[in-house]
Amino acid sequence: MTGPASLAQVGRDAQLRTLLQAAGSPPAVILVQGEAGIGKTRLVHTAIERLRTDRRTVLLGHCQQLREPFPYGPVFDALRHVAAALPAGDRLNPVTGALRGYLPELTGHLPPAPSPPPLDDARAERHRLFRAVHALLAAAAPAALVVEDLHWADDGTRDLLCFLTGQPPEGLALVVTFRREDLPVPGLPFGRAYRRRPGVRSEVISLAPLDVEAVGDLTSALLGGAPVPNDFAARLHERTAGVPFVIEEVVRSLLDDAGRLPGGEDAPEVLDRIPVPLLLREAMAERLAGFSPAALRAVRAAAVLRMAADEPLLAAVAGAEGPGADTHESGLSEALRAGVLFVGG
């Protein structure tokens, strides 16, 4: 089997090159967007390995799907590992002392905490905290701050990242990943419009599903370089919509004890006989958890049909003809926006 780094480059060479060039030319703001399972994390982690090989400091934080996320949690998680990149001695901006209570791991590096703002002003305290994060990142530069799954971020984290994009430290590359369809405010990863500042490199990297050729290349990589028949790659593309995570789970569920795909003339047809892999079932259950009843009916109708279908056929199978047609149309649109159903060619 080949390692994750080589898998990440299948169909993504141009995107990886853009990400590395932008991260290597700070200040930069890099937005990596794509649906669930499309390969955002793999692409970013491949870039992280390259940056660290070039002795670039990389700070990594993750937004968690929590009911009550901790304010600024992903950024503080990333900053816990910044000590090795900080200058020796007492050369940090005094304002960074405001982070002492949030980053006990850096107690030996941070200056004393400044006096509290007058009149116990929460807004002034937040501004000081944002300035402290900015100053700490500036001291660690050149560095890349990577925040994954921004669609799950709390409002405080979005505000902090928005502050950083407004005037990024000279040596900072900010990289965020997100699912566009899951953002609280559609189309706005930071909760408000991002406007590139003069002198700041900005890139939006959108990851699309793989085409048939790339599906064959990915399957071959999963098999350690073994050739993959074109008809099998085409059928696999049809069954997985070219989503890398789905492709990998399906291929791994097919492998025999020797790590090979089933052979013979019926190799493509074996895809119609396998059960849905466990991780795919769990991922789909998570995606469907917040769906409306109408969207669930549309998805279940598509699953029962197991074939490309137009809207009238889906409506008939879902039992949404007549008075329920408008509700079905709304549910279908919801499933399409979420990337659970897609429009075929």
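Participant: Please explain the packing of helix α7 (residues 212-222) against helix α9 (residues 244-254) as it appears in this structure.
Facilitator: To describe two helices that pack against each other, one gives the angle between their axes and the distance between the axes. Closest axis-to-axis distance for the α7/α9 pair is 10 Å, and the angle between their directions is 45°. Taken as axis vectors, α7 and α9 run oblique relative to one another. Every pair of crossing elements has a handedness; the one defined by α7 and α9 is right-handed. Residue-level contacts link Val215, Leu218, Thr219 and Leu222 of α7 to Pro244, Ile247, Glu248, Val251 and Arg252 of α9. Here the contact of α7 with α9 is built from residues that sort into six nonpolar, one polar and two charged.

Participant: I would appreciate a short explanation of the packing of aromatic side chains in the present structure.
Facilitator: By convention here, two paired aromatic rings are described through the distance between centres and the angle between planes. Overall, the coordinates contain five aromatic pairs when judged by the stated rule. With centroids separated by 5.5 Å and ring planes inclined at 55°, the aromatic side chains of phenylalanine 130 and phenylalanine 163 adopt a geometry described as tilted. Taken together, the residues phenylalanine 130 in helix α5 (residues 122-140) and phenylalanine 163 in helix α6 (residues 155-166) connect sequence positions 33 residues apart. Among the residues examined, phenylalanine 163 registers a relative accessible area of 28% and is labelled partly exposed. Three or more aromatic residues link up through ring pairs in this structure, and these residues are Tyr72, Phe76, Tyr102, Phe130 and Phe163.

Participant: Explain the packing of helix α2 (residues 13-23) against helix α3 (residues 40-53) to me, please; I cannot follow it from the model alone.
Facilitator: Two numbers describe how α2 lies on α3: the axes approach to 10 Å, and their chain directions differ by 45°. As judged from the angle between their axes, α2 and α3 are oblique. In this structure, the crossing between α2 and α3 has a hand that is right-handed. Across from Gln15, Leu16, Leu19, Leu20 and Ala23 in α2, the residues of α3 making contact are Leu43, Val44, Thr46, Ala47, Arg50 and Leu51. Tallied by class, the residues present in the contact of α2 with α3 amount to eight nonpolar, two polar and one charged.

Participant: Please clarify how the pairing of strand β4 (residues 172-178) should be interpreted in this entry.
Facilitator: Side-chain direction in a regular strand flips from residue to residue, so the side chains alternate between the two faces of the sheet. With seven of its seven residues buried, β4 lies for the most part within the structure. When strand β3 (residues 143-148) meets β4, the two strands line up parallel, connected through five bridges. The residue of β4 that forms the bridge with alanine 143 is leucine 172. For the crossover from β3 across α6 to β4, the handedness is right-handed.

Basis of the calculations
- Residues numbered from 1 in each chain as written.
- Predicted model: local features only at pLDDT ≥ 70, side-chain atom pairs only at ≥ 80, totals over all residues.
- Heavy atoms only, no water.
- Axes fitted to C-alpha atoms, helices over the stretch in contact; angles between N-to-C directions.
- Helix = DSSP H or I, 4+ residues; strand = E, 2+ residues; numbered from the N terminus.
- Parallel < 35°, antiparallel > 145°, perpendicular 65-115°, else oblique.
- Left-handed = near helix turned anticlockwise from the far one by under 90°.
- Contact = heavy atoms within 4.5 Å.
- Nonpolar A, V, L, I, M, F, W, Y, C, P; charged D, E, K, R; others polar.
- Phe/Tyr/Trp six-rings, centres within 6.5 Å; stacked < 30°, edge-to-face > 60°.
- Buried < 20%, exposed > 50% of the residue type's maximum accessible area, 1.4 Å probe, protein only.
- Pairing = 2+ DSSP bridges.
- Right-handed = clockwise from strand over helix to strand, strands pointing away.

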